Each structure stands twice: as C-alpha cells, then as structure tokens.
Amino acid sequence: ACTGIENIDEAITLLEQNNWDLVAAINGVIPQENGILQSEYGVETLHGPAYGPSSHSAAASSAPSSSSAFRHVVPSRQIVERQPRMLDFRVEYRDRNVDVVLEDSSTVGDIKHILENELQIPASKMLLKGWKTGDVDDSTVLKSLHLPKNNSLYVLTPDLPPPSSSHSGALQESLNQNFMLIVTHREVQREYNLNFSGSSTIQEVKRNVYDLTSIPVRHQLWEGWPSSATDDSMTLAVSGLTFPCHRLTVGRRSSPVQTREQSEEQCTDVHMVSDSDGDDFEDATEFGVDDGEMFGVASSALRKSPMMPENAENEGDALLQFTAEFSSRYGDCHPVYFIGSLEAAFQEAFYGKARDRKLLAIYLHHDESVLTNVFCSQMLCAESIVSYLSQNFITWAWDMTKEANRARFLTMCTRHFGSVVAQTIRTQKTDQFPLFLIIMGKRSSNEVLNVIQGNTTVDELMMRLMAAMEIFSAQQQEDIKDEDEREARENVKREQDEAYRISLEADRAKREAQEREMAEQFRLEQIRKEQEEEREAIRLSLEQSLPPEPKEESTESVSKLRIRTPSGEFFERRFLASSKLQVVFDFVASKGYPWEEYKLLGTFPRRDVTQLDPNKSLLEVKLYPQETLFLEAKE
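Residues numbered from 1 in each chain as written. Predicted model: local features only at pLDDT ≥ 70, side-chain atom pairs only at ≥ 80, totals over all residues. Heavy atoms only, no water.

Quick notes on unusual backbone geometry
Part 1 of the argument: A cis geometry characterises the amide bond from F243 onward to P244, with omega recorded as 5°.
Part 2 of the argument: By the secondary structure assignment, P244 is in the loop between β7 (220-223) and β8 (245-252).
Part 3 of the argument: Here the amide bond leading from Y624 into P625 is cis, since omega sits at 5°, within 30 degrees of zero.
Part 4 of the argument: Position of P625 relative to the elements: it lies in the loop between β16 (607-608) and β17 (626-633).
Part 5 of the argument: One non-glycine residue, H146, lies in the positive phi region at around 55°.
Part 6 of the argument: Counting through the fold element by element, H146 comes out in the loop between β3 (127-129) and β4 (150-156).
Part 7 of the argument: On the basis of relative accessible area, H146 is assigned to the partly exposed category, the value being 36%.
Part 8 of the argument: If you check the backbone angles, S214 has positive phi at about 65° while not being a glycine. (Helix = DSSP H or I, 4+ residues; strand = E, 2+ residues; numbered from the N terminus. Buried < 20%, exposed > 50% of the residue type's maximum accessible area, 1.4 Å probe, protein only.)

Quick word on the sheet that holds strand β10 (residues 393-399)
Part 1 of the argument: The strand order across the open sheet formed by 4 strands is β10-β9-β11-β12, and the pairing between neighbours is mixed. Strand pairing shows two members of the sheet lacking a second neighbour, β10 and β12 (446-452), which therefore form its edges. Each strand axis lies, on average, 25° off the axis of its neighbour in the sheet, ignoring direction.
Part 2 of the argument: Pairing of strand β11 (residues 435-441) with β12, which is carried by 6 bridges, proceeds in the antiparallel orientation. Bridge pairing in β12 places G441 opposite N446.
Part 3 of the argument: Its contacts with the sheet place helix α13 (residues 372-380) against β9 (359-365) and β11, and it is angled at close to 145° to β9.
Part 4 of the argument: Helix α15 (residues 403-417) rests against β9, β10, β11 and β12 of the sheet, and its axis sits at about 140° to β10. (Pairing = 2+ DSSP bridges. Axes fitted to C-alpha atoms, helices over the stretch in contact; angles between N-to-C directions. Contact = heavy atoms within 4.5 Å.)

What about helix α2 (residues 22-29)?
Part 1 of the argument: Turning to α2, its buried residues are V23, A25, I26 and N27.
Part 2 of the argument: Residues of α2 that are buried in the fold lie against α1 (8-17).
Part 3 of the argument: Its side-chain oxygen placed 3.2 Å from the backbone nitrogen of V23, D21 serves as the N-cap of α2. (Polar contact = N/O pair within 3.5 Å; in protein donor to acceptor, adjacent residues only side chain to side chain.)

Some words on the packing of helix α12 (residues 342-350) against α15
Part 1 of the argument: As a packed pair, α12 and α15 sit with axes 11 Å apart at the nearest point and diverge in direction by 40°. Between α12 and α15, the interaxial angle falls into the category oblique. Residue-level inspection shows L342, E343 and F346 of α12 in contact with α15, the latter providing M412, R415, H416 and F417.
Part 2 of the argument: Class assignment of the residues belonging to the contact of α12 with α15 gives a composition of 4 nonpolar, 1 polar and 2 charged. (Parallel < 35°, antiparallel > 145°, perpendicular 65-115°, else oblique. Nonpolar A, V, L, I, M, F, W, Y, C, P; charged D, E, K, R; others polar.)

Some thoughts on the sheet that holds strand β13 (residues 558-564)
Part 1 of the argument: In space, the 5 strands of this open sheet follow the order β14-β13-β17-β15-β16, with mixed pairing throughout. At either end of the open sheet lies a strand with only one pairing partner, and these are β14 (570-576) and β16.
Part 2 of the argument: With 5 bridges joining them, strand β15 (residues 598-602) and β17 adopt antiparallel strand pairing. Its bridge partner lying in β17, K599 is registered against E632.
Part 3 of the argument: Across the sheet, helix α18 (residues 581-590) is in contact with β13, β14, β15 and β17; its angle to β14 comes to roughly 150°.

Observations concerning helix α11 (residues 315-330)
Part 1 of the argument: In this model α11 runs 22 Å from its N-terminal to its C-terminal C-alpha over 16 residues, within 8% of the 22 Å that 1.5 Å per residue would give.
Part 2 of the argument: Among the residues making up α11, those that are buried are E315, G316, A318, L319, F322, T323, E325, F326, S327 and Y330.
Part 3 of the argument: Tucked into the core, α11 has its buried residues touching α12, β9, α13, β10 and α15.
Part 4 of the argument: Measuring from the side-chain oxygen of the N-cap residue of α11 to the backbone nitrogen of G316 gives 2.7 Å; that N-cap residue is N314. (Expected span 1.5 Å × (residues − 1).)

Details of the pattern of salt bridges
Part 1 of the argument: Enumeration over the complete set of coordinates arrives at 30 salt bridges.
Part 2 of the argument: K149 is the partner of D88 in a salt bridge, and the nearest nitrogen-oxygen pair spans 4.0 Å. Highlighted residues: D88 in strand β1 (residues 86-93) and K149 in the loop between β3 and β4, separated in sequence by 61 residues.
Part 3 of the argument: K149 gets classed as partly exposed once you look at its relative accessible area, which sits at 42%.
Part 4 of the argument: Among the salt bridges present, the one from R539 reaches E536, with a minimum N-O distance of 2.5 Å. Here the residue R539 and the residue E536 both occupy positions in helix α17 (residues 458-545), the gap between them amounting to 3 residues, near one helical turn.
Part 5 of the argument: Judged by relative accessible area, E536 falls into the partly exposed class, the value being 35%. (Salt bridge = Lys/Arg side-chain N within 4 Å of Asp/Glu carboxyl O.)

A look at the environment of A324
Part 1 of the argument: Looking at the secondary structure, you find A324 in helix α11.
Part 2 of the argument: When its relative accessible area of 47% is taken as the criterion, A324 is described as partly exposed.
Part 3 of the argument: Each C-alpha atom, one on A324 and one on M308, is 9.9 Å from the other, the two residues being 16 residues apart in sequence.

Nothing here speaks to function; it is geometry throughout.
So this is what it looks like as structure tokens:
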C-alpha cells in the first residue's frame, strides 16, 4: 500500500537486498524527502494494525510531539485511502486489443459490460480468461484478486461462430503454436532448448526452469523477456515472444552473505509474514513456489508411488505398474511400453522377417533426476515422438531409482550388450538421467546405436531417433535383400527338388508300369503255356485213346474221311463205319482242333457235323463210305 509494488517476486527481492529490514526496504523505494518511517520509531510500529483509523490513533497517542517526517505519513495514508486504486487491463479478442481502465472496487462484470460496447458481443457469451487466480465469476470484486496495476486478459466466445475473415482465429492459432525457448543458465554457461505451447504461461516456464537449474522461481533473474510480458500468468502466445524461437537468460539473484543468526531471523520473518498475510501466501504455487521449494525438499521426494516395485520377480508385472504410474503422472499420451522381459522385447524387435523388424528403444527412468519431469512431460509425451516411436520402435522401459532394480538392469545389460555398455550406464550420474538407449539387432550381436541423455529437446530427440532410423533402414534394406536372395535360392532349390521328385515319381511309375506289364505278360505266357501243356496233354490222351486205324483190305465196312484245316492243310484217316462220331471228334482234337473251339462242316449238303449226336455211328450220320469235311473256328 505504501510503495505500490504488487509483484511478490519484486517485493521479496527488495527485502533480501535489505537483509529483510522492512523500514530500509520501504525507504529504499520511496524518495528520502517523502520517507514515511524513521528508524527512531523502531520496528514495533509495524506490529500494530496495518493501515486504518486505529493505527492513526495509536501513532498519535504514542508520539504526540513526533517529528515532521512521521507527520508526513498521516496525510499520505489518508490520500491513499481516499483515492481509489486504478487498474489497467489490456484485453485481446481475436485480432483486436481493447484497453480498459477501472477502479479496483469494480467487478469482473463491469469489464464485460465495457467490452460488450467495444466488441459488440453480448456479455453472457464472453469467457474472460487470463486471471492468475483461475476462473472467476462476474460478481468477483477486482480488489479481492490482488491484481497488479497492468494486466493482460483475453476473451473466448465458444458459443459464437468464427468470423469469415482471414484474420479470424489468430489468437487460437497462436495458442496452438509451439515456441522454442533457448534458455541460457548464466552461472554454468549451459543452454536448454525447451518446447512450450502458446497456451503455456510464463509461470509454467519458470517452474520448468526450476526443475532444470534448481533455482527457485523467486530467486530467478531473467533477461530477454519482451516488455509486454508484465505478468507471469500471461500466456506465451500474447507475451510478445519471437516465434518460433526466442532466447532468454536466467541466473540466481545475488543476496548479501548472512550469518546463521540472520538466516534464522529471516526464516522467522518469512513465517510471520505468511501467517499475517494469508491471502498472499494462500497458494504458494501461484508464485512458482511449490511445497518442495518452500521447505528445501526436492519435488521428486514428495512422490509416494514408485514407478516400479523393488525386487519384482516378474518383469511383465513390473512394467504393468510402470505403465500405470507413468500414465497417472504424465497422462495417457505416452509411448506404448512393451510388457514383458527384455528377451521377449528382443524377440519381438529383431527376430521376425526383415521387413517386420524394428529398432528397440529402452527408456531408463530415474525419479531423483531433476530432468525427469521435463523430459517425460515435454519430450517423451510429445505427440510427434509418441507417433514416431509407435511406428518404428519397440519401446521397453525400466526404473533405475531403486538400487536393486538398477543392479538387475546392469546384469541384463552386461549379458545382452557387453560390459562396455554396462559400464557406460553405470557411470552415468543421476542428473544425466533419464536415458534413452537405441538398440539395433545384428546377425551376431545387438548394437547400441545411441545413448540419449535427459538434457535434450523434442527436435534434438526426434533428429537422433531419425538418424538411428536411417542407419537401421540401410541395414534393414541389406537384410531384406539378403533375405530375398536367400528366399529366391530356396525357392529355386524347392522347385528343383519338386521337379526332381516329380521326375522320380514318373520314373518310378513308368518302371512300375513296365514291371506290371512284364508281370502280366509273364502271367499270360504262363497261362498260355499251361493251356498248351493242358491241350497237349489232352491231345496225347485222345490220340492214345483212339482205336487203331483199320487197314484198307479190312473185311469190315471202312469210311474214309478227308479233313481240311483252316490253314488249308489236309489230313486223312480211315474209320470203321460202325465207329461212333465221337471218335472222329477225338481224332480232330488230337490234331489240335478241339470240337469246343472248332466246328466240323460237311460239303454236300452243307451241314454242321458237330451238332449231330456224337454217339451215332458214321454210317448213321451218312459219313460212309467217304466224305470231305473242313474245320472252321467257332465265333
């Protein structure tokens, strides 16, 4: 109220510069001729009521004959109380900026009514954003928000259609843009490349820088912010940063060397102010100071759930917990971690077909590293990184925070990658974590292409992933070529083997057919021989059974038969006229013409003798005294 200083960081800086002497700090800001407090009145004058009528009466009763320096303060306090405090607002809506000046006794609704006349937008359709205390309603009094003199706000109208002009949505577009902030840590001469969306606030940038540099927000001394960046609650899109890349420098505010007693006295003063002015310190994180900073405790130490259980028997169960805890901390947009052992991840990545193989990315997490939070939230969870990893990598993770888990991974690392890689990881310091190992499978061994430390940026991480992918792609093309050639050779060999098999089967079938044919011929020959032998035996038997041929000078009646064979030959024989016709048949059969196969025909008249009764005599069948017959094969 005396100095008009609204920025808590500036106030704390002034107090530190004056060894937390409130009187010296105020007199250092207000010109000497208007000094409101003198050292002769001591610090106890500050312990009374703050600034009101009772404080005036107390001052008057305690020092009726006060000096002129103290009497100057009474009118100045009355002036401060009588004159309302004016607040300046710059409100951005799409491509327009509206300046609004109001008393701090006004409400948020009063700002909306002014904007309604300026922007021609109903106040009920406006969402007024940019308050550092979060969302407020129309009835909120500005004074209760403890705002600085200059403020930046922006208006959103989600219920109204966007305008058709080409400049519409400029603010929304800038909020969606990504800014690259190159932050130089002055004391250690180290650069950090940080990516932030346009919707991030300056306060968020400072908190992330605290994670990297361990400089609390209230001790950070910045250079390079635009003159329009007057409020830490302002988004980067409206702060005036150079797009897409902006350079900043940060260092630690210098403070005088203090004795232990002074430090203890300062700590007492801090708690005294915190107790007496609860509104200012009600939410310490609003000023970039979390609980860990206020009490000297690293934020990672406040985490309760470990990423991975210690001495987990099953690696799959440990990775399930890792994935669940990672999602709870950093959101669902993160790489898909392979659930299973490291050997199973190798099998999935390296031992399929050449076209299906991928690189293996091993993420090594460490909760005690100051880089872990920024690396996970800003780099590992970036949509571009997540998409690229899912398409080209099998991602496996392990937590190195616990010593038992660390030793277990180093053992696995030695077994799969060798002692050199294991020693490299073993010598990494905690602040160099997290690590990202890129592994490529080769014919004889697994090669570590890259070890990426946590102090990187999204662009650098993407470039190193793409560089590893180029090496892998070249190797993969060679493997695909070798695999195709090998498959072609195997196909030719399979075709040759198949043709040879078919040829063998054809030869075997031909040989078997020949063997069957020969066997059949042999069988038929045997049957023929048997039949011939049988017929010869029958012929001989018939020939032996024939009665002797009668002589020409026989006194008995003799019939002379002349028989013509189908081949044209003739044979003759004499038979007794009393002989039966069967004897003629037997004679013909003995010559090789059985009557079952041949018929015996007469000439005049033409008749089939074989149809006659064989028991009749030759005389009865009129084959006497002589007859010419011929043989004819039966059909």
